[in-house]
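Coordinate analysis (summary)
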Amino acid sequence: MMSLKVFFCIFLIVVINPVFYVWHNHNNHKANFFSEDVLAVMTWGGEGEDFFCDATFWDNSLVVVGYTESFVLDGSYDAVVLKLDRSLNIDWSNTISFGYNDTLFGVCVYGDNILAVGFSQWYENYSGVVVEIGMSGRILNKLVFRSRNTAFYGVSTDQEWVYIAGAIEKTPDNADAFIVIMDGQFRIIRNITWGKESLDEYLYAIAMANNIIYVAGKMIKNDKEMGLILAMRPTGEVIWNITLDQENWNFASCYDIEVSKGKIYVSLVYTERSEDYIIGGGSKILCLNATNGLELWNITLDRRYAFGIFVDKFDILYAAGITIDPALTPSHQTFFTKISGQGKILFNNTYTPIGESILAVGLDLCVDRTGFIYILGSTYDMKYHTRDALIIKLGWDSDNDTLTNSYEQFYGTDPRNNDTDNDGMPDGWEILYGLDSLVNDSSDDLDHDGLTNLEEYWYGTDPTNPDTDGDGYSDGYEVLHGSDPLDPNSVPREYTFILVFILISCIVMSFVSFIIRRKRTTP
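Quick summary incoming for the structure in this document. Everything quoted here is computed from the prediction, not taken from an experiment.

Turning our attention to the pairing of strand β14 (residues 188-194). Across six bridges, strand β13 (residues 174-182) lies against β14 in antiparallel orientation. Counterpart to isoleucine 181 in the pairing with β14 is arginine 190. Linkage of β13 to β14, two consecutive antiparallel strands, is achieved through a turn of five residues, within which phenylalanine 186 is found at a positive phi near 65°.

Within the open sheet, the four strands sit side by side as β15-β16-β17-β18. Their pairing is antiparallel. Both edges of this open sheet fall to β15 (200-209) and β18 (238-244), since each of them pairs with a single strand only. Within the sheet, the average angular offset between the axes of one strand and its neighbour, ignoring direction, is 20°. Looking at chain direction, strand β16 (residues 212-221) and strand β17 (residues 224-232) are connected through nine bridges and run antiparallel. Pairing of lysine 221 across the sheet is with lysine 224, part of β17.

Counting residues in hydrophobic clusters, the biggest one holds 33 residues, and the most contacted among them are Leu62, Tyr318 and Ile391. Sort the elements by how many residues they give to this core and strand β29 (residues 389-395) lands first, with five residues. For isoleucine 391, the contacting residues outside a window of four places in its chain are Ala40, Val41, Met42, Phe52, Leu62, Val64, Leu84, Leu88, Tyr374, Ile375 and Leu376. Formed by 23 residues, the second largest nonpolar core is a distinct cluster that contains Tyr67, Phe119, Phe307 and Ile324.

The next subject is the sheet that holds strand β11 (residues 150-157). One open sheet accounts for four strands, arranged β11-β12-β13-β14; its pairing is antiparallel. The strands lining the two open edges of the sheet, one partner per strand, are β11 and β14. Neighbour-to-neighbour, the strand axes of this sheet turn through a mean angle of 25°, independent of strand direction. Pairing between strand β12 (residues 162-171) and β13: nine bridges, direction antiparallel. Residue pairing for β13: alanine 165 is matched across the bridge by isoleucine 179.

Moving on, we come to the environment of threonine 193. Among the structural elements, threonine 193 can be located in strand β14. With a relative accessible area of 45%, threonine 193 lands in the partly exposed category. When the C-alpha atoms of threonine 193 and alanine 177 are compared, they prove to be 5.6 Å apart, with 16 residues separating the residues in sequence. Those residues in contact with threonine 193 that lie beyond four places of it in its chain are Ile168, Ala177 and Phe178.

For the largest pocket, the calculated volume is near 1,300 Å³. Ala55, Thr56, Val107, Glu258 and Phe310 are, among the 50 residues lining the largest pocket, the residues nearest its centre. Tallied by class, the residues present in the lining of the largest pocket amount to 30 nonpolar, nine polar and 11 charged. What the second largest pocket holds in volume is close to 800 Å³. As for the second largest pocket, its lining consists of 33 residues, and the residues nearest its centre are Asp59, Asn60, Ser61, Leu432 and Tyr433. Those elements that place two or more of their residues in the lining of the second largest pocket are β5 (76-84) and α3 (427-432). For the lining of the second largest pocket, the element with the most residues is α3, which contributes three residues. Partitioned by chemical class, the residues of the lining of the second largest pocket number 10 nonpolar, 12 polar and 11 charged.

Moving on, we come to the side chain of glutamate 201. Residue position: glutamate 201 is located in strand β15. There is no salt bridge for the buried glutamate 201, and the closest opposite charge comes from lysine 170, which lies 4.2 Å off by N-O distance. Not counting chain neighbours up to four residues away, the residues in contact with glutamate 201 comprise Ala167, Lys170, Ala175, Asp176, Ala177, Trp194, Gly195, Lys196, Lys218, Met219 and Leu228.

Note that asparagine 174 resides in strand β13. Its relative accessible area of 18% is what places asparagine 174 among the buried residues. Of note is the side chain of asparagine 174, whose polar atom sits 3.3 Å from the side chain of aspartate 200. Each residue touching asparagine 174, except ones within four places of it in the same chain, is listed here: Ile168, Glu169, Ser198, Leu199 and Asp200.

Reading the values: rules and limits
- Residues numbered from 1 in each chain as written.
- Predicted model: local features only at pLDDT ≥ 70, side-chain atom pairs only at ≥ 80, totals over all residues.
- Heavy atoms only, no water.
- Pairing = 2+ DSSP bridges.
- Helix = DSSP H or I, 4+ residues; strand = E, 2+ residues; numbered from the N terminus.
- Axes fitted to C-alpha atoms, helices over the stretch in contact; angles between N-to-C directions.
- Core = buried A, V, L, I, M, F, W, Y, C linked by side-chain atoms within 4.5 Å.
- Buried < 20%, exposed > 50% of the residue type's maximum accessible area, 1.4 Å probe, protein only.
- Contact = heavy atoms within 4.5 Å.
- 1 Å grid on protein atoms, 1.4 Å probe; cavity = no way out; pocket = protein on both sides within 12 Å on 5 of 7 lines; lining within 4 Å.
- Points joined across faces, edges and corners; volume = space filled by probe spheres on them.
- Nonpolar A, V, L, I, M, F, W, Y, C, P; charged D, E, K, R; others polar.
- Lys, Arg positive; Asp, Glu negative; His and termini not counted.
- Salt bridge = Lys/Arg side-chain N within 4 Å of Asp/Glu carboxyl O.
- Polar contact = N/O pair within 3.5 Å; in protein donor to acceptor, adjacent residues only side chain to side chain.

Spelled out as structure tokens, the structure:
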């Protein structure tokens, strides 16, 4: 029950002649306002295999989940969670063990914490796992499903309940689609199974909108794998379901799903077979009506396997994965594509190699509030047969205001001026915290902590949080009394003046008392 997303990705890597990818945009991107440059590349791991499988943004920080090879038990894996800043510097990392082989495939923000899901394998047994992690990286709750073989691959939330998608064993040879609904206290509200007799169903991704659950995965019938999309209510009532297949497809599976403004976006990966040979494949990006599942448009990405998609607030869809094209040199490269909400390709790029032994591949991606893209996955070293977890940051920011040029267009700011409204705060910083980048709001105090927005920028504090470091003192109070508003261990010395006053008073009183006694004893 290993995630086919990871398995298929590894298959593509192993069967090819890999190369070392140095990220280089070989297009003249300056002619395309939606172009993106590679700004940073981060690899993480040891001597074994490491993968990043999913990511989300949490308090303006990037949180990624995946697995790392454990050297405590030879050949086993531990689940891993990392929190990074937007420059890909690690704030903290946490390795989690549930059993023998542990993997986290999905993550989401729930309240002030994060929830991650995956599975733990012990020989032939699989158990779905859920873990809750606090802001500091401390594990708050863990839950392991041990009743039957289960595996979790995706998680979503409406901030009231948590929705988890995966698969559960139906018979020793068959599996059903499986959805678990939990509340904020880690209590199971409902389990939903869905499947057809003698068929296998797996769910790899889940999204929630307007009290409707949307899930995507695959169905297996007579050894033929087909894409599967379902819409259902939290009660388990299926509203509509779609299977995606073509006669010449050997394999098809839906790996990611997004919902935005009444539309469903799905990435479908497929391979084509002629007799006994795989002759091609690629992926389809589908846009569906969320109400009835009717197709609005689709784009075929020939020989491009889009494992991850993301839709931002402007209905721009981002897709990333691996491309296989004999016309390219080499034939296997990592790709990134940007698509409008109407199904028009805005930007499409591959990354060219200059080495011989290491391949890097994108597995999923997410986008932050200021338009920067983060592709995650793994490298593969064919010489030493090791994998390091990978994150690639993309963006094009010509005025260095931490707001990408494409987002400058959406927000109406000037991509040649890093402070469009001339209020002393960069456009990107204002957008990141929800300020107005077109109006001078430097003197406003959004969070009423005694610091103006401009002062918050100067001190590096959060203009939407009156107590940035969470030490119980407002940012303005800390600045006024000389403590660090970014360090929870630095607190104001609010009683110092009282102690000084008492000390001075005691000295004065002692001196006065001494003078009085001396006068009394003087003849």
